[in-house]
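The residues making up each chain are set out below.
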Amino acid sequence: MITGVIRSGAAALLVLALSACVEASPSRDTTPTVPVTPTVTYRLLDDICDRLDHSWLVQLTGASPQFRYFEPRPGNMEARRCHVLAAARDESTTVRVEVSTILKPSEPAELEPSESGDSEIPKSAEPLDGVGEVAWFMLDRPDLGTGQVRRDLVFVLDGPVSVQVVIMVSDSPLPDESAIKDALTTYVKRVLGLMAGEK
């Protein structure tokens with residue numbers, strides 16, 4: 001009987017010791033925490049070309065930019081398109097920037113089918129990292145022997161919005177590829193920022 005009392009007392013002491021350890025140690029939540037990614041809410045802008053910084057274009061031409069906006073088609077009211085044009089007085093340099101945006105809030109943006117009906121990223125495209133969900137360049141590498149004109153574009157998909165910026169330059173000499181990439185990247189990032197509500 002004494003042995004039973006000793007065992008009961010030892011068991012009680014062990015329970016007390018364990019409960020004290022539990023109380024002394026901080027509580028741990030075993031539920032994994034999932035980082036919450038804020039959803040970007042985009043909006044269409046009717047004056048987006050006016051809101052962009054065209055200093056790059058002005059520097060090339062020495063001329064003030066002119067703006068042209070296109071009315072959305074009745075069957076495609078989710079789209080906006082505008083052009084910015086600047087031409088040097090002697091017409092030695094002409095630059096045009098074309099901005100196209102499509103916003104379909106109820107569905108993810110998709111690639112627009114090409115003339116061949118293909119809606120995949122072109123094989124000759126170069127990826128642009130850190131912009132939207134997917135983005136790429138299509139860079140023109142003109143044959144300088146046939147003319148001083150180049151046409152380059154960048155395309156971005158991000159959720160329900162797609163943005164395309166095209167730069168066409170007629171110049172002598174033409175801007176190099178790195179300058180074109182920088183200009184396209186700056187434009188498309190700013191377009192996305194403005195559509196997301198940035199000032």
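My aim in this report is to walk through the structure given alongside it, one point at a time. Bear in mind the structure is a predicted one, so any value in this text is a computation, not a measurement. (Residues numbered from 1 in each chain as written. Predicted model: local features only at pLDDT ≥ 70, side-chain atom pairs only at ≥ 80, totals over all residues. Heavy atoms only, no water.)

**Brief notes about the overall build of the chain**
So the rule is basically this: Strands here mean DSSP runs of E at least two residues long; helices mean DSSP runs of H or I at least four residues long; both are numbered from the N terminus. Residues are treated as being in contact if the distance between any of their heavy atoms lies within 4.5 Å. Per-residue accessibility takes into account occlusion by the displayed protein chains alone, with areas from the Shrake-Rupley method and a 1.4 Å probe.
The helix and strand inventory of the chain stands at 4 helices and 7 strands. What you see in the chain, going N to C, is helices and strands ordered as α-α-α-β-β-β-β-β-β-β-α. Once local pairs closer than 6 in sequence are excluded, the contacts in the chain between residues at least 24 apart make up 54%. Put simply, the chain shows about 13,200 Å² of open surface, and 54% of that area lies on carbon and sulfur atoms.

**Points about the state of the cysteines**
Quick note on the threshold: Cysteine sulfurs are considered disulfide-paired once they come within 2.5 Å of each other.
The final tally for this structure, using the stated rule, is 1 disulfide. Here Cys49 connects covalently by a disulfide to Cys82, the sulfurs 2.0 Å from one another. In this structure, the disulfide formed by Cys49 and Cys82 twists by about 85° around the S-S bond and is classed as right-handed. Linking Cys49 in helix α2 (residues 48–51) with Cys82 in strand β2 (residues 79–87), this pair joins segments that are 33 residues apart in sequence.

**Regarding helix α4 (residues 177–195)**
Applied cut-off: Expected span of a helix, by definition, is 1.5 Å for each gap between consecutive residues, and there is one gap fewer than residues.
Taking 1.5 Å of rise per residue, the 19 residues of α4 would be expected to cover 27 Å, and the 27 Å separating its terminal C-alpha atoms lies within 8% of that figure. Residues of α4 that are buried sit in contact with α2, α3 (55–61), β3 (94–103), β5 (134–138), β6 (149–158) and β7 (161–170). Phi turns positive, to about 105°, at Gly197, one or two residues after α4.

**Some points on the pairing of β7**
Selection criterion: The buried label goes to any residue with under 20% of its type's maximum accessible area, the exposed label to any with over 50%, and the partly exposed label to all in between, with areas taken from a 1.4 Å probe on protein chains only. For two strands to be treated as a pair, DSSP must find at least two bridges joining them.
Counting buried residues along β7, 7 of its 10 residues qualify, which places the element largely inside the surrounding structure. Bridge count between β3 and β7: 10 bridges; the pairing is antiparallel. The partner of Thr94 across the bridge, within β7, is Ser170. Note that β6 and β7 share 10 bridges and pair antiparallel. Opposite Asp152, over in β7, you have Ile167 as the bridge partner. Counted between consecutive antiparallel strands, the loop separating β6 from β7 contains 2 residues, among which Gly159 sits at a positive phi close to 60°.

**Concerning the packing of aromatic side chains**
Threshold: In this scheme Phe, Tyr and Trp rings, the latter by its six-membered ring, pair at centre separations within 6.5 Å, and the angle between planes marks the pair as stacked below 30 degrees, edge-to-face above 60, and tilted otherwise. Charges are assigned to positions over rings by a cutoff of 6 Å between ring centre and Lys NZ or Arg CZ, combined with an angular limit of 35 degrees from the ring normal.
Taken as a whole, this structure holds 1 aromatic pair when the rule is applied. For the cation-ring pair, Arg81 lies above Phe70, with the distance from its terminal atom to the ring centre recorded as 3.9 Å.

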